[in-house]
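Chain residues, written in single-letter form:
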Amino acid sequence: VTLTPTPWLNLYGGYQEAYKAPQVGGGGGLWQKVDPRTYHLALSQYWQIGFKVQMPHFGFLRNFIFGAAYFHDRYAGQEINTTLGSGDTISANGTSEYNGVNIFLDDDPIDNLHVFANASIESAKYTSYVTGGVSYNGAPVPYVPDATFNIGTYYDILRHGMVIEPRVWYQFISSQHVFDNVTGAPSQQTMPAYGTLNLALKATVPLHLGGALGTRYVDLKLTALNVLNKQYNES
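Just so we're clear, the structure is a prediction, and the values are computed from it rather than from any experiment.

Rules behind the numbers
Residues numbered from 1 in each chain as written. Predicted model: local features only at pLDDT ≥ 70, side-chain atom pairs only at ≥ 80, totals over all residues. Heavy atoms only, no water. Helix = DSSP H or I, 4+ residues; strand = E, 2+ residues; numbered from the N terminus. Rg over C-alpha atoms; globule rule 2.2 N^0.38 Å. Contact = heavy atoms within 4.5 Å. Phe/Tyr/Trp six-rings, centres within 6.5 Å; stacked < 30°, edge-to-face > 60°. Buried < 20%, exposed > 50% of the residue type's maximum accessible area, 1.4 Å probe, protein only. Core = buried A, V, L, I, M, F, W, Y, C linked by side-chain atoms within 4.5 Å. Pairing = 2+ DSSP bridges. Polar contact = N/O pair within 3.5 Å; in protein donor to acceptor, adjacent residues only side chain to side chain.

Our next topic: the overall build of the protein. The secondary structure content of the protein amounts to zero helices and 14 strands. Taken from N to C terminus, the helices and strands of the protein fall in the order β-β-β-β-β-β-β-β-β-β-β-β-β-β. Relative to the globule expectation of 18 Å for 235 residues, the C-alpha radius of gyration of the protein, 24 Å, shows a markedly less compact shape. In terms of overall dimensions, the protein has a C-alpha envelope of 70 × 45 × 40 Å along the principal axes.

This is the structure in structure tokens:
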């Protein structure tokens, strides 16, 4: 459902349910068969509400876009197959809930310059998780960061019919809990937060082929990720 009360404001909301078969492979390997005795469909119940503001011209802002949305996802009936440190494989069933906010921002403050940013804040918990006769209800879902954000900019340079676009952006990932492959359950241990600086250079080159073919364009792009060689996901 969407509503546009003014030319520059859009309000929206939505709800969906989806059933999903277990992942191919499970905890014992990519092509491991799923145990038919425990096979069942997982259920995702997802809803969100949000808004988007778009202002082509407003003071020093040009092509300004800003939005935010709150979301909730209940993922029930999960089949969680895990390979332990000993090599044994165990199965567990669980239900998890995800709640969070997504935010984004874009603008062209001056000619040919574009800036962007987006962020997410999220809470992910198991409302039901039992394995080995122990309940881990309320435990954090592993490998889901509490927060992420991405900020960057790029600039279009026109040279001899070519468009050269240098780009730089920074990505941040907050700390996240890890899975315990001894107990087969979520743990309170976390990996530290980290951020990476990334660079890219893109060139759009015109090819004048003549005749009916006219002009065609070729995009060339070079990307350098984690240019500061940040070490992350360390145990």
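The subject of this paragraph is the side chain of His 114. Structurally, His 114 is set in strand β6 (residues 113-131). Among residues more than four places away in sequence, those in contact with His 114 are Asp 106, Asp 107, Asp 108, Gly 152, Thr 153 and Tyr 154.

What follows deals with the packing of aromatic side chains. A complete count under the given rule lists nine aromatic pairs for this structure. Between Trp 47 and Tyr 70, the aromatic rings sit 5.7 Å apart at their centres with planes inclined by 45°, giving tilted as the arrangement. Placement of Trp 47 in strand β3 (residues 42-58) and of Tyr 70 in strand β4 (residues 61-83) is noted, with a sequence separation of 23 residues between them. Given a relative accessible area of 32%, Trp 47 falls into the partly exposed group. Geometrically, the ring pair formed by Phe 149 and Phe 172 is stacked, given 5.3 Å between the ring centres and 25° between the ring planes.

Bringing the nonpolar core into the picture now. For soluble globular proteins, the rule of thumb is that nonpolar side chains tend to be buried together. Among the nonpolar cores identified, the biggest contains 11 residues, and these are Phe 71, Ile 80, Ala 92, Tyr 98, Ala 124, Tyr 126, Tyr 129, Val 141, Val 144, Phe 179 and Ala 185. Broken down by secondary-structure element, the contributors of at least two residues to this core are β4, β5 (89-110) and β6. Among the elements that take part in this core, β6 stands out by supplying three residues, more than any other. When residues no more than four places from it in sequence are discounted, the contact partners of Phe 179 are Thr 82, Tyr 129, Pro 142, Tyr 143, Gly 184, Ala 185 and Pro 186.

This brings us to the environment of Ala 185. By the element assignment, Ala 185 lies in strand β12 (residues 185-191). Taking relative accessible area as the criterion, Ala 185 reaches 0% and is therefore assigned buried. The residues touching Ala 185, leaving out its near neighbours within four places in the chain, are Tyr 129, Thr 131, Tyr 136, Phe 179 and Asp 180.

Here we take up the pairing of β4. As defined by bridge partners, β3 adjoins β4 across 15 bridges and the pair is classed as antiparallel. When the bridges of β4 are listed, Lys 52 appears paired with Gly 67. Between the end of β3 and the start of β4, which pair antiparallel, lie two residues, with Gly 59 showing a positive phi angle near 60°. Direction of pairing for β4 relative to β5: antiparallel, over a ladder of 17 bridges. Counterpart to Gln 78 in the pairing with β5 is Gly 94.

Glancing now at the side chain of Glu 165. If you trace the backbone, Glu 165 turns up in strand β10 (residues 162-173). Within the local environment of Glu 165, its side chain forms a polar contact with the side chain of Arg 167, the two groups lying 3.1 Å apart.

This paragraph deals with unusual backbone geometry. The phi dihedral of His 160 is positive, around 55°, even though this residue is not glycine. Relative to the helices and strands, His 160 is located in the loop between β9 (157-159) and β10. Within the chain, Asn 229 stands out as a residue other than glycine whose phi angle is a positive 55°. The topology assignment puts Asn 229 in the segment after β14 (214-224). On the accessibility criterion, Asn 229 (54% relative accessible area) is exposed.

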